[in-house]
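# Remarks on the overall topology
One letter stands for each residue in the lines below.
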Amino acid sequence: ENLVGNPKVTVEVTQNELNEYKAYLGNVHCHTGFSDGARTPNVAYDYARYVAKLDFLGITEHSNLFDDTFDANASRKWRDIKRFAEEKTENGKFLALMGSETTWYNQFGHMNMYGADYFLNPYELRYNDTKQYYERLKEYPRAINQWNHPWSCGDRHLDMFEPYDAELDPVMYTMELKSFEDLEMEGLSYYIHALDLGWHISPVGNQDNHSADWGTYNDVRTGVVVKQLTKADFYDAYRNHRTYYTCAKNLQLAYQTNGYMMGSIIPKAEQYRFEVKLTNQETDAEFKCIEVLGEQGKVLMTVPISGHSADISFEVAVQNRYYFLRIRQQDGALAITAPVWPE
């Protein structure tokens, strides 16, 4: 599943190669009756695929609620979710994924871990200190770590991603956004704060289901941009930041900048050429515009678009440490992409 840890990399492509990428939509943060949710994992996977029509579902039970909370090898629930995930995956059609959520109930924060054969339990008291917990994460370079729903964790949330840690950055990959719960800057406040601090992360959108509504609870989705729908390609997209948040449940997108795929660290240049492909055919709402955002969430350029698809290029000459896109529809729904980082 391409789980070997690696530093942040660049992915250089050509226009023809960009056309080989496709966006798939799903949910990678949810629960079942194996922790504090409903039903069983096999039911959740089938519901997500056949009722909600998702391309993938990631079950991330609370690690402190497993039957053996300190040893993944001894946990029957962990083994059963893994078995269900293998049985329910059909490459090209549906990915059944699994991970865990490390959960503190004192406003300290919540984090998902993917791509690992183990989980961390917050009841090990040393993990109640941010620095010690982060130092522990550095010991697992194979793992993919995600900051969950920071808007619901009070003022702490793992000390609000501060200070930036260059040794932790290579194992931090994503942050959840939700434009209608975190109302400041339409869900961007925590994401912008982390990017301004220097983190190389990309956005995702999940439903954090605790009822039997995996994929139908709302229209929020995580988008991944891959060449084919396999677990190896999915994790490659995560590791290389080809992810995006959307509350337009069928919105598919991909972009490149100066010949580098979204999510890449790219060479500095005098100007940056964005080539963007968008489609959302399953809605009455047309597209409205593409906005290029930079440091502090400032809008650097607005490109009007219309219809239900677009294949467009434009150039940005303003110098910033990072750039990402916000796509708006006429009905108010939007998408937020991974950045590119000139360095």
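This report concerns the structure included in the present document. (Residues numbered from 1 in each chain as written. Predicted model: local features only at pLDDT ≥ 70, side-chain atom pairs only at ≥ 80, totals over all residues. Heavy atoms only, no water.)

## Section: the packing of helix α2 (residues 41-51) against helix α3 (residues 76-88)
Axis separation between α2 and α3 bottoms out at 9 Å; the angle between their running directions is 30°. As far as their axial angle goes, α3 and α2 are roughly parallel. In this structure, α2 crosses over α3, and the sense of that crossing is right-handed. Seen from α2, the contacting residues are Pro41, Asn42, Tyr45, Asp46 and Arg49; seen from α3, they are Ile81, Phe84, Ala85 and Lys88. Of the residues that constitute the contact of α2 with α3, the class distribution is five nonpolar, one polar and three charged. (Axes fitted to C-alpha atoms, helices over the stretch in contact; angles between N-to-C directions. Helix = DSSP H or I, 4+ residues; strand = E, 2+ residues; numbered from the N terminus. Parallel < 35°, antiparallel > 145°, perpendicular 65-115°, else oblique. Left-handed = near helix turned anticlockwise from the far one by under 90°. Contact = heavy atoms within 4.5 Å. Nonpolar A, V, L, I, M, F, W, Y, C, P; charged D, E, K, R; others polar.)

## Regarding the pattern of salt bridges
Any two side chains of opposite charge can pair, so long as their charged atoms come close to each other. All chains considered together, the criterion is met by 22 salt bridges. Among the salt bridges present, the one from aspartate 46 reaches lysine 88, with a minimum N-O distance of 3.0 Å. You can see aspartate 46 sitting in helix α2 and its partner lysine 88 sitting in helix α3, a full 42 residues away along the chain. Taking the relative accessible area as the measure of exposure, aspartate 46 reaches 29% and is therefore partly exposed. Among the salt bridges present, the one from arginine 83 reaches aspartate 80, with a minimum N-O distance of 3.5 Å. Remark: aspartate 80 and arginine 83 occur in helix α3; sequence separation between them is three residues, near one turn of the helix. Overall, arginine 83 belongs to the partly exposed group, its relative accessible area being 37%. Residue classification places aspartate 80 among the buried residues on the basis of a relative accessible area of 16%. One salt-bridge network, held together by shared partners, links Lys131, Glu135, Lys138, Asp165 and Glu167. (Salt bridge = Lys/Arg side-chain N within 4 Å of Asp/Glu carboxyl O. Buried < 20%, exposed > 50% of the residue type's maximum accessible area, 1.4 Å probe, protein only.)

## Re the side chain of aspartate 165
Relative to the helices and strands, aspartate 165 resides in the loop between α5 (157-160) and β6 (172-176). For aspartate 165, the side chain forms a polar contact with the side chain of lysine 138, separated by 2.7 Å. The contact partners of aspartate 165, leaving out residues within four places of it in the chain, are Glu135, Lys138 and Trp199. (Polar contact = N/O pair within 3.5 Å; in protein donor to acceptor, adjacent residues only side chain to side chain.)

Geometric descriptors of this kind do not, in isolation, establish any biological role.
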